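Architecture and fold: a report
These are the residues of each chain, in order.
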Amino acid sequence: MLTTVSLRQLLGLPLPEKAQDILVIESAGGCFGLLVDAVGEVLTVSAADHEPNPSILDQRRKSLFAGAYKLKDKLLVMLDPDSLDPLRLSQSG
């Protein structure tokens, strides 16, 4: 059995009408699944391009993200896997 976390629910977004993908994340407390709309691509980013979270994010979303990367034609916001861990989420309630 794999405990899963809905990213849409954490972000306060409506649930999708179609099936979601599951990303399996390994954390210090074990593995858990993250329900996402789709998996696009895997990118390699440079630490030199890392910036703090954008100031326009609300506090709840800031707590879920670990900063951003400015890419050529878009902004990539990085999830903070530790903040998505179901054990941690249940404690922050």
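Thresholds, definitions, all that
Residues numbered from 1 in each chain as written. Predicted model: local features only at pLDDT ≥ 70, side-chain atom pairs only at ≥ 80, totals over all residues. Heavy atoms only, no water. Helix = DSSP H or I, 4+ residues; strand = E, 2+ residues; numbered from the N terminus. Buried < 20%, exposed > 50% of the residue type's maximum accessible area, 1.4 Å probe, protein only. Contact = heavy atoms within 4.5 Å. Areas by Shrake-Rupley, 256 points an atom, 1.4 Å probe, with all protein chains shown as cover. Lys, Arg positive; Asp, Glu negative; His and termini not counted. Charge placed at Lys NZ, Arg CZ, Asp CG, Glu CD. Pairing = 2+ DSSP bridges. Salt bridge = Lys/Arg side-chain N within 4 Å of Asp/Glu carboxyl O.

Things to note about the overall build of the protein
- Regarding its fold elements, the protein presents four helices and six strands.
- The helix and strand sequence of the protein, counted from the amino end, reads β-α-β-β-β-α-β-β-α-α.
- Reported as C-alpha extents along the three principal axes, the dimensions of the protein are approximately 40 × 30 × 25 Å.
- For the protein, buried positions account for 27% of its 93 residues.
- The long-range fraction of contacts in the protein, counting pairs at least 24 apart against all pairs at least 6 apart in sequence, stands at 36%.
- Entry remark: accessible area of the protein is about 6,700 Å², with carbon and sulfur atoms responsible for 54%.
- Averaging the locations of the 9 positively and 12 negatively charged side chains of the protein gives two centres separated by 6 Å.

With respect to the pairing of strand E2 (residues 21-27)
- Inspection of the sheet shows E2 paired to strand E3 (residues 30-36) by seven bridges, in the antiparallel sense. Bridge pairing links Ser27 to Gly30 in E3.
- Count of turn residues in the E2/E3 antiparallel hairpin: two residues.

Focus on the pattern of salt bridges
- Summed over the entire model, instances satisfying the criterion amount to three salt bridges.
- Residue Asp37 is joined to Arg8 by a salt bridge in which the shortest nitrogen-to-oxygen separation is 2.8 Å. Here Asp37 is found in the loop between E3 and strand E4 (50-51), whereas its partner Arg8 is found in helix H1 (residues 7-10), with 29 residues between them in sequence.
- We note a salt bridge from Asp58 to Arg61, for which the minimum N-O separation is 3.8 Å.

Note that every value here comes from positions in space, so none of it alone points to a role or purpose.
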